[in-house]
Amino acid sequence: MTTSRPAALVTGAGGGIGRAVAVELAATHNLILTDIFEASLRETQALTTPVGAAVHAQVADIARPGELDRVVTAGEKTLGTVSAAVACAGIEGAGTVETSDIENWQRSLNVNLTGTFLTARAVIASLKATAGSFTAIASDAGTNGFEDCAGYIAAKHGVIGVVRAMAVDHGRDGVRSNVVCPGYVETPMARRILADSPEGTEDFYRSVIPLGRFATPQDVAAVVRHFVAGSTYANGVVYALDGGSTVGSYRGA
Ligand SMILES: NC(=O)c1ccc[n+]([C@@H]2O[C@H](COP(=O)([O-])OP(=O)(O)OC[C@H]3O[C@@H](n4cnc5c(N)ncnc54)[C@H](O)[C@@H]3O)[C@@H](O)[C@H]2O)c1
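- Identification of the protein chain as SDR family NAD(P)-dependent oxidoreductase from Nocardia jiangxiensis is taken from an unreviewed UniProt entry.

## Quick notes on the environment of Pro 217
- You can see Pro 217 is positioned in helix H8 (residues 217–230).
- Residue class for Pro 217 comes out buried when judged on its relative accessible area of 11%.
- Leave out the neighbours within four places in its chain, and Pro 217 touches Gly 16, Ile 17, Ala 20, Val 185, Glu 186 and Thr 187.

## Digging into the packing of aromatic side chains
- Per the stated rule, a full pass over the model turns up five aromatic pairs.
- Ring centres of Phe 227 and Tyr 239 lie 5.8 Å apart, and the angle between their planes is 90°; this geometry places the pair in the edge-to-face category. Of this pair, Phe 227 sits in helix H8 while Tyr 239 sits in strand E7 (residues 238–241); the two residues are 12 residues apart in sequence, bridging distant segments of the chain.
- Classification of Tyr 239 by relative accessible area gives partly exposed; the value is 32%.
- Among the aromatic residues, those joined into a cluster by ring pairs are Phe 146, Tyr 184, Phe 204, Tyr 205 and Phe 214.
- The lysine or arginine in question, Arg 206, covers the ring of Phe 214, its NZ or CZ lying 4.0 Å from the ring centre.

## Here's the deal with the site of the ligand
- Around the ligand lies a shell of 30 residues, among which Asp 35, Asp 61, Tyr 152, Val 185 and Thr 187 are the nearest.
- With respect to the ligand, the backbone of Ile 17 contributes an N or O atom lying 2.8 Å from an oxygen atom.
- Here an oxygen atom of the ligand sits 2.8 Å away from a polar atom, N or O, in the main chain of Val 185.
- Out of a free accessible area of 820 Å², the ligand has 95% covered by protein chains.
- Of all the secondary-structure elements, those providing two or more residues to the shell around the ligand are helix H1 (16–25), helix H5 (150–170) and helix H6 (188–195).
- The element that contributes the greatest number of residues to the shell around the ligand is H6, accounting for four residues.
- Grouping the amino acids of the shell around the ligand by side-chain chemistry returns 18 nonpolar, eight polar and four charged.

## Focus: the pairing of strand E4 (residues 82–87)
- Along E4, six of the six residues are buried, which leaves the element largely enclosed by surrounding structure.
- When strand E1 (residues 7–11) meets E4, the two strands line up parallel, connected through five bridges. Directly across from Val 10, in E4, lies its bridge partner Val 86.
- Strand direction decides the pairing type here: E4 and strand E5 (residues 133–137), joined by four bridges, are parallel. Pairing of Ala 87 across the sheet is with Ala 136, part of E5.
- Crossover handedness for the path E4 to helix H4 (residues 102–130) to E5: right-handed.

## Focus on helix H2 (residues 38–48)
- Along H2, the positions that sit buried rather than exposed are Ser 40, Leu 41, Thr 44, Gln 45 and Thr 48. Summarising the axial view, the buried residues of H2 lie within an arc of 145°, below the 170-degree limit, and thus occupy one face.
- Considering only its buried residues, H2 is in contact with H1, strand E2 (30–35) and strand E3 (55–59).

## Quick look at the state of the cysteines
- In total, this model carries zero disulfides according to the counting rule given.
- Among the cysteines around Cys 88, which has no disulfide bond, Cys 181 carries the closest sulfur, lying 13 Å off.
- Since its relative accessible area comes to 15%, Cys 88 is described here as buried.

Cut-off values and rules
- Residues numbered from 1 in each chain as written.
- Predicted model: local features only at pLDDT ≥ 70, side-chain atom pairs only at ≥ 80, totals over all residues.
- Heavy atoms only, no water.
- Helix = DSSP H or I, 4+ residues; strand = E, 2+ residues; numbered from the N terminus.
- Buried < 20%, exposed > 50% of the residue type's maximum accessible area, 1.4 Å probe, protein only.
- Contact = heavy atoms within 4.5 Å.
- Phe/Tyr/Trp six-rings, centres within 6.5 Å; stacked < 30°, edge-to-face > 60°.
- Lys NZ or Arg CZ within 6 Å of the ring centre and 35° of its normal.
- Near = heavy atom within 4 Å.
- Polar contact = N/O pair within 3.5 Å; in protein donor to acceptor, adjacent residues only side chain to side chain.
- Areas by Shrake-Rupley, 256 points an atom, 1.4 Å probe, with all protein chains shown as cover.
- Nonpolar A, V, L, I, M, F, W, Y, C, P; charged D, E, K, R; others polar.
- Pairing = 2+ DSSP bridges.
- Right-handed = clockwise from strand over helix to strand, strands pointing away.
- Arc of directions from axis to C-beta.
- Disulfide = S-S within 2.5 Å.

Here is the structure:
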C-alpha cells in the first residue's frame, strides 16, 4: 500500500477509456474506482494494483443521487482526500428527435449529463481542499452534430456546460476543470455503436479523420494525465481529441 500518494476518482473504470485512465493514473495515484458493472470493475482493479496503487473499488450508478457520495466517503477513509476526479462513465444512445422515445432521451441525460454533475458534486469539497482537478470525458458530439443520436449530443453538449460552469465557479478555489472531446475511440462502446450502424459507417468515419485512425483509450488517458498532473494553468479547456476530424472537412482518400 502506498497511502502517501494522492487519491484519484475514476468513474466508468470498467470501460475502455476509464480502464486506460485508471491504469495511467495508477503509476502516481491511489485510486477510487467505480462502475455500474462489478465484473469489469474488478478486472480494472486487478490491472491497477500491480502498478503500485492502493485501490478502493465500489459499484455505483452515477445517475442515482447519493451513490457516488458513498463511494467517495468510503474510498477517502483509506486513501485520503481526492485531488483528481475523472468522469468517464457514459452510455451511447440512438435516435433523432423524431424517433427517440422519452425514456431513451431521459436515460441519456440522466447518465451522461446528470451523472457528470453528480460526480462533480461528490468531489467538489475534496477538490477545493486539495486544489485539485476535475476532468470529464465528453465527446466530439459535445461540440458538433452527428446523425441519429440526439439525446447523446444534447447530453454531451451539457457536459461541456457543466465543466465551463465549474471552471468559472471554482477556479478561485484552485480547482481546474477541463473536458476531453474524443472522436471514435477503440472501446466496447465504439464497437457497439458501429455494429448497430449501417454498413459503411465505420469506413466513412475513418476516412474523414486526417490522422487516419480512431483514437486508442491510451491516447485519451495521456490527455487526462496532462490535465491531472501536467497543466497547472489549464481551466475550462475543451480539448478536441479527434485526429483533426472536427477542424475542417476533406473528401477523404
Ligand atoms: N468510445 C468512443 O468512441 C467515445 C467517443 C467519445 C466519447 N466517449 C465517451 O467516453 C466515455 C467512456 O466511454 P467508453 O468508450 O470507455 O465506453 P465503455 O462502454 O467502454 O465504458 C463506459 C463505462 O461506463 C459504465 N457506466 C455506464 N452507465 C453507468 C452508470 N449509470 N453508472 C456507472 N457507470 C456506468 C459502463 O459500465 C462502462 O464500464 C463515455 O462518456 C463516452 O460517451 C466515447
